[in-house]
Structures are given as structure tokens and as C-alpha cells.
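Listed below are the residues making up each chain.
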Amino acid sequence: MKLFEVIPDDLFSILASPNRVLYSDALDVLYAAYLENLKIPEDTLYSMLRSKLEQQLADANFDGEDIDEEELRDISGRARFLIRKLCSKGWFEKERGDNFEKIITFEEFITVPGYSSRLLELFHQLRDDSPIRGYSYVFGTYSTIKVADEGDSTYDKMAAIYSAYDNTQALIKVLQMVYHNVKHYFKRQREMQEINEVLASHFDDFGQKVVETYIRPLKIKDSVPKYRGPIQRTLIKWAQDDALLLAISNVAFQDKRGNSLEECRRDLLQKIYWVKERYDSIENDYLDEIDQQVRRYTRATTQKIENQTNRDHNVRGNLNYLLEALSRNRRAANLVEQIQPAFQLYEQSFLSQKSLWYRKRPGKHTPSEPVMVEDPAVNDEMVKQAEQLLHSEYGRSAIASYIEELLGVNGICYSKDMHLTSDKAYIMSLLSVLAASDTAANYQIKELDGKYSENGYEIPQLQLTRKEGEK
């Protein structure tokens, strides 16, 4: 589905108009009304717009807007215009009251569509300076799995697997956000010229919003190395217990997690091993990369603070002051060219660990002469050894003994009783199917629905039954 099949075409047009600041504040008021009321009367939104945006409505310039003269006359009319504008662009809809008295009084209520509520929440979060605490994902995963493992509820174990998958995905998103935030602060620091700006950005913004909010808790409170082992051990223990995994798959199937029991089982195994692999690589792929970027940023910030603090007391500071003045003066181009040979000036930039890597370009493919492949000669000794192996380990007598052991006293067995623990067991299971077509065989095979998998081997679901009168 395409984006504008879900949202109206003109939804974002108000954020590109000259009054976009007023409209964005009005959307935040709409979000506040949405949070405070289950049913939002239009008069309630009108009162909130008037009280919270009174000065902005009075100062706004509505030239070029489709506002009536009566609406433009006072604050009340301008607030009504905002409601009409937001409704016409699709940010909310209006409906009449749902009982007789409200219909008679023509009271209207505002309903916020799903796409609008999500966007309003996103806009509010972007405006909010309070940090989002994201360090509970690892401990939350550990706690959920630990409680489920200690209890007897199969449903709790199923829910714990899906919760671990969701929490790990959320943790990866947080780590990606932290990595890109460090890059963003690095770029901002390089563009700053005043020492107070550098100090405020490093200690107030970066220190509080990145280090204290995300990095430090990941190292101490929500430590990946601390909880990784118990999480992985418990999940793998569940995955290797066939009876337990089957029970969990049944619960997942009853909970509509998949269209079939086998699909639920496969989905649970995929999520378990995905979580395990993420925790195996999370330190190397994410935490170490973030630490490296933080060290580079901190080192560059420290050098810049030292340079700007001592710029009036040493040659390097004076040279820095000179170069900054030349960079801001376009008419000093000739002077820059004159001092270029003396100072060897270069553009300021930085290297990362991938800066010296180049993509290998494939060369032009030219056809080559065909290479003749000769089949290796097979001597009589090799043929004799192969025949001896087949007759000794996979002969008719070996197959008959294998089947008799499977059928036992009850005279019936299934695919799960074949214990596919090795290549030999897998080959014997296949040979037993082929041998059943022999009229002299003392057993018969019935193929059931589905497939059976064990230790990477997969065979159809089979039922082996001893023929009547055979023993």
C-alpha cells in the first residue's frame, strides 16, 4: 500500500505554509485534547486553542489563507478558522452526537483517525526535550524469560519468546539511534566556533541526552554482557526440548500466531535463534562501534576546547584565529593563495575506519577456452569396497533388523521414533521406505500429512505397521 493511499494528499500542506509554526502548535493542542478526552467536543478544542494560542492567533498574518473576514476579525474567529483548516486537511473528522439530545442541539464531536494520532504522537515526541528511557529492554527480556522458565505455564513461555523478539528489535533500534546521534553531535561540534557553545553541547546536550540516557545505563543497569548468557541458555533449552516446543507451538497456534502448527513451530524457532544471534553480535556490531565513536567525539571535543581556551597564549591558537578569519572573509582569497605554500593548508575533514575502503569494480568478462573435465577412472577395487559397504551396513538384512527394532512389540511406529541423529539413521529411514515396496516385506508404510524434522534432517510423516500374521 502506498503512503497517500492511507493519508490525504493535503495533510502536510499546512506545515509548508508561512503560518506553519502556528499550525504545528495547533496540532500539539489537538494532541493534548486527544489525550485528555475520549470524546472531544468541538467546543472543548475551540476553548483550548483560544487559551493556549491567544497571542499567536493575534499576531498571525493570514494573507493568502482562505479565511473569511468575520473569522479574521477577532481571536474567536481565528480559532474557528484553525479548526476548519485542520479538519479540511484531514487531521481530524467531525461527527454529530450519538444520542437524541445532542443531535437536537447540533453538538459536534471530533474524531482523530489512526494515521493522524500516530503523527501527532510523533510530533509531540520531537518537541519534547525529556529523554526517552530505552535501557529496560535487556533486563525486561531476562526477567520475562526467567519467570516463564521457573513457572509451569506454556502460554507464559510462548509469550516470553515473542516478547524477547520484540524487545531485541527495540534494543537494536535504540542502539542505531544512539550511533547516529553521536555522528550528529560530531558534525555539530565541528561547525561550532565559540567555546561556550562547544561546552554546552558536550556537557548539557550530549552528556545528558546521549551518555546518561542511553550509553551509561546500557553499561551498568541494562548490561548486555550481564544478561546475555541466561537469556541465550534458556531459549536454546526450550528449542531443544521437542515436547516443550510442541506444546508451545500448540499454544501459539491457538493464539492465532500462525496458520498451522508447523508454521507456528518454525516461527518460534526462527525468533529464538534470531534473538540468540543478535546477542552474539550485539557487542561487536553495535556497542563497540558506539564506544569507538564516543571516544573519537570526546577526543576531538577536548582538543577543540583546549585549542580555543589557549588560542591567545600560543602559536597554534593564533594560527587558528588567523585561519578562521580568512575563512570568513571572501576577499582574502589572494592572501590564502599566498600563504598556501608556507602552511600547507588543507580542507578540514575526518577519517573513519571505512574511509580507505573502495568498492572493487568488476572487470569486463571475456569468454575463455572451455576446460575439458575427465571423469576419474573407477577401478575394480573401489567398486568392490562400495559393494561390501552397501551389503554390510545397508543390505536387506540390516534394513530388516532396523525395521524390526523400530516396530518392537507393538508392531507400529512413526517418523519420530526413527531418531534421526546421524547420516546413517537418515539413510536407513529412506531405505526402509524403498524396501516397503517389496512384496516380501513384513511391514507396510502409510504416509501422513506434514513433515518431520530432527537435527537438520527432514522426512515425511510416516506410519510403519507390521503386516498381519507376521512376527
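None of the values given here were measured: they were computed from a predicted structure. Going along each chain's sequence as written, the residues are numbered from 1 onward. Local features in this predicted model are restricted to residues of pLDDT 70 or higher, and side-chain atom pairs are both shown and tallied only at a pLDDT of 80 or more, whereas totals for entire chains, interfaces and linings draw on every residue. Excluding hydrogens and water, the side-chain values take into account all heavy atoms of the structure.

Whenever Lys or Arg places a side-chain nitrogen within 4 Å of a carboxyl oxygen from Asp or Glu, that contact is recorded as a salt bridge. Inspection of every chain in the model, using the stated rule, returns 16 salt bridges. In this structure, Asp 66 and Lys 85 form a salt bridge, with 3.5 Å as the shortest nitrogen-oxygen distance. Of the two residues, Asp 66 sits in the loop between helix H3 (54-59) and helix H4 (69-73) while Lys 85 sits in helix H5 (residues 75-88), which places them 19 residues apart along the sequence. Look at Asp 66 and you get partly exposed, because its relative accessible area is 43%. A residue is classified by how much of its surface remains accessible, and Lys 85, at 11% relative accessible area, is buried. Of the charged contacts in the structure, one is a salt bridge between Lys 416 and Asp 417, with a shortest N-O distance of 3.5 Å. Burial classification: accessible surface area is computed with a 1.4 Å probe over protein chains only, and a residue below 20% of its type maximum counts as buried, one above 50% as exposed, and the rest as partly exposed. Note on Asp 417: relative accessible area 24%, which makes it partly exposed. Residues participating in the shared-partner salt-bridge network are Glu 65, Asp 66, Glu 71, Arg 84 and Lys 85. Put simply, DSSP H or I for four residues or longer makes a helix, DSSP E for two residues or longer makes a strand, and each gets a number counted from the N terminus.

Before going further, it helps to examine the sheet that holds strand E6 (residues 457-466). Across the sheet, 3 strands lie side by side as E4-E6-E5; this open sheet has antiparallel pairing. Either end of the sheet is taken by a strand with one partner, and the two such strands are strand E4 (412-414) and strand E5 (443-454). Taking the axes of each pair of neighbouring strands and ignoring which way they run, one obtains an average angle of 20 degrees across the sheet. Strand pairing is assigned whenever DSSP identifies at least 2 bridges connecting the two strands. Bridge count between E5 and E6: 9 bridges; the pairing is antiparallel. Among the inter-strand pairings, Tyr 443 is bridged to a residue of E6, identified as Arg 466. Contact between two residues is taken to exist if any of their heavy atoms lie within 4.5 Å; hydrogens are not considered. To get an axis, a line is fitted to the C-alpha atoms, and for a helix only the part in contact is used. The angle between two axes follows their N-to-C directions and goes from 0 to 180 degrees. Sitting on the sheet, helix H17 (residues 396-407) is in contact with E4, E5 and E6, with an inclination near 75 degrees to E6.

To estimate the expected span of a helix, count its residues, drop one, and scale the result by 1.5 Å. The end-to-end C-alpha separation of H5 is 20 Å, in line with the 20 Å expected for 14 residues at 1.5 Å each. Taken together, the buried positions of H5 are occupied by Ile 75, Gly 77, Arg 78, Ala 79, Phe 81, Leu 82, Ile 83, Lys 85 and Leu 86. Where H5 is buried, its residues touch helix H1 (20-36), helix H2 (42-52), H3, H4 and strand E2 (93-96). Immediately downstream of H5, the backbone of Gly 90 shows phi near 100 degrees, a positive value.

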